[in-house]
Amino acid sequence: MRARRPTAAPLLNAVLGALLVASVGAAEARGEARRPPLPTMGPSLRSAVVFQTAETAGTIVIRKDEKALYLVVSPGQALRYQISVGRDGFGWTGTVRVGAKKEWPEWRPPAEMRGRQRGLPEFVPAGPYNPLGARALYLHDGGRDTLYRIHGTNDPKGVGFDGTSGCFRLTNTDVVDLFRRVPVGTKVIVE
């Protein structure tokens, strides 16, 4: 049996690690802020379920009391996504349509929201630190933006509650999945 020759990998890893620590330390010394770590996409909370409805395949049915969004896939079948819904006083019902879709959307909190929650910025640029998460489906009524969204979140622990200002929040993993399955014009029923 031939003896193994030592590789340079451990030494290379040690040198690269030291360089990373030195560059982060130098940035801090210059007073540059460190960015927080990138948020995780979160787990998938999606499941295939039996779902009796008269709605056609492709329709989204949101059942607020269940904190569930159903995407009808065939007669008697749907994909169920766990969601967060509007907190007390911010729930709504009705039938709307997906009027637009955006990947890594920017966020402009409405003036009313900024009035309730002091310190919210007027604008948060698109990207992985945006509170709307990885994707957003913009809900329209009669062709007009309702300002409500089906969107992701950078805090997957924030799914499954009554905690939004009327939007419907999924994990980033699930909103990416839903985003690719539904086109603009999709019917959305909120019960």
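Calculation rules
- Residues numbered from 1 in each chain as written.
- Predicted model: local features only at pLDDT ≥ 70, side-chain atom pairs only at ≥ 80, totals over all residues.
- Heavy atoms only, no water.
- Helix = DSSP H or I, 4+ residues; strand = E, 2+ residues; numbered from the N terminus.
- Contact = heavy atoms within 4.5 Å.
- Areas by Shrake-Rupley, 256 points an atom, 1.4 Å probe, with all protein chains shown as cover.
- Pairing = 2+ DSSP bridges.
- Salt bridge = Lys/Arg side-chain N within 4 Å of Asp/Glu carboxyl O.
- Buried < 20%, exposed > 50% of the residue type's maximum accessible area, 1.4 Å probe, protein only.
- pLDDT = per-residue confidence, 0-100.
- Axes fitted to C-alpha atoms, helices over the stretch in contact; angles between N-to-C directions.
- Polar contact = N/O pair within 3.5 Å; in protein donor to acceptor, adjacent residues only side chain to side chain.

## Examining the overall build of the chain
1) Next: A count of helical and extended segments in the chain gives 3 helices and 11 strands.
2) Next: Its helices and strands in sequence order give the chain the pattern α-β-β-β-β-β-β-α-β-β-β-β-α-β, from N to C terminus.
3) Next: Here the analysis covers contacts within the chain between residues at least 6 apart in sequence; of these, 62% occur between residues at least 24 apart.
4) Next: If you sum the accessible surface of the chain, you get close to 11400 Å²; carbon and sulfur atoms cover 55% of it.

## Section: the pairing of strand β8 (residues 144-151)
1) Next: Alignment of strand β7 (residues 135-141) against β8, held across 5 bridges, turns out to be antiparallel. Bridging from a neighbouring strand, Ala136 pairs with His151 of β8.
2) Next: Bridge count for β8 against strand β10 (residues 168-169) is 2 bridges, and the pairing is parallel. Residue pairing across strands places His151 opposite Arg169, the latter belonging to β10.

## Digging into the pattern of salt bridges
1) Next: All told, the structure shown has 10 salt bridges when counted by the stated rule.
2) Next: With its nearest N and O atoms 3.7 Å apart, the salt bridge here joins Arg63 to Glu66.
3) Next: You can call Glu66 partly exposed: its relative accessible area is 36%.
4) Next: Put simply, Arg149 and Asp145 hold a salt bridge, and the shortest N to O gap is 2.7 Å.
5) Next: Among the residues examined, Arg149 registers a relative accessible area of 11% and is labelled buried.

## Some details on the confidence of the model for the chain
Should pLDDT be low for a region, the predicted coordinates there are not to be read in detail.
1) Next: Across the chain, the average pLDDT comes to 85, with 82% of residues at or above 70.
2) Next: Taken together, the stretch residues 1-28 has pLDDT below 50 and engages in 3 contacts with residues farther than four places along the chain or on a different chain.

## Observations regarding the sheet that holds β10
1) Next: Overall, mixed pairing links the 9 strands, which are arranged β1-β4-β3-β2-β11-β6-β7-β8-β10 in an open sheet. At either end of the open sheet lies a strand with only one pairing partner, and these are β1 (46-50) and β10.
2) Next: Along the sheet, helix α3 (residues 172-181) makes contact with β1, β2 (60-63), β3 (68-74), β4 (77-82), β6 (94-103), β7 and β8, crossing β7 at roughly 55 degrees.

## Things to note about the environment of Tyr70
1) Next: Structurally, the position occupied by Tyr70 is in strand β3.
2) Next: A residue is classified by how much of its surface remains accessible, and Tyr70, at 6% relative accessible area, is buried.
3) Next: The spacing of Tyr70 and Ile60 is 10 residues in sequence and 5.6 Å in space, taken between C-alpha atoms.
4) Next: Setting aside residues up to four positions removed in sequence, Tyr70 forms contacts with Val49, Phe51, Thr59, Ile60, Val61, Arg63, Ala78, Leu79 and Arg80.
5) Next: Separated by 3.3 Å, the side chains of Tyr70 and Arg80 make a polar contact.

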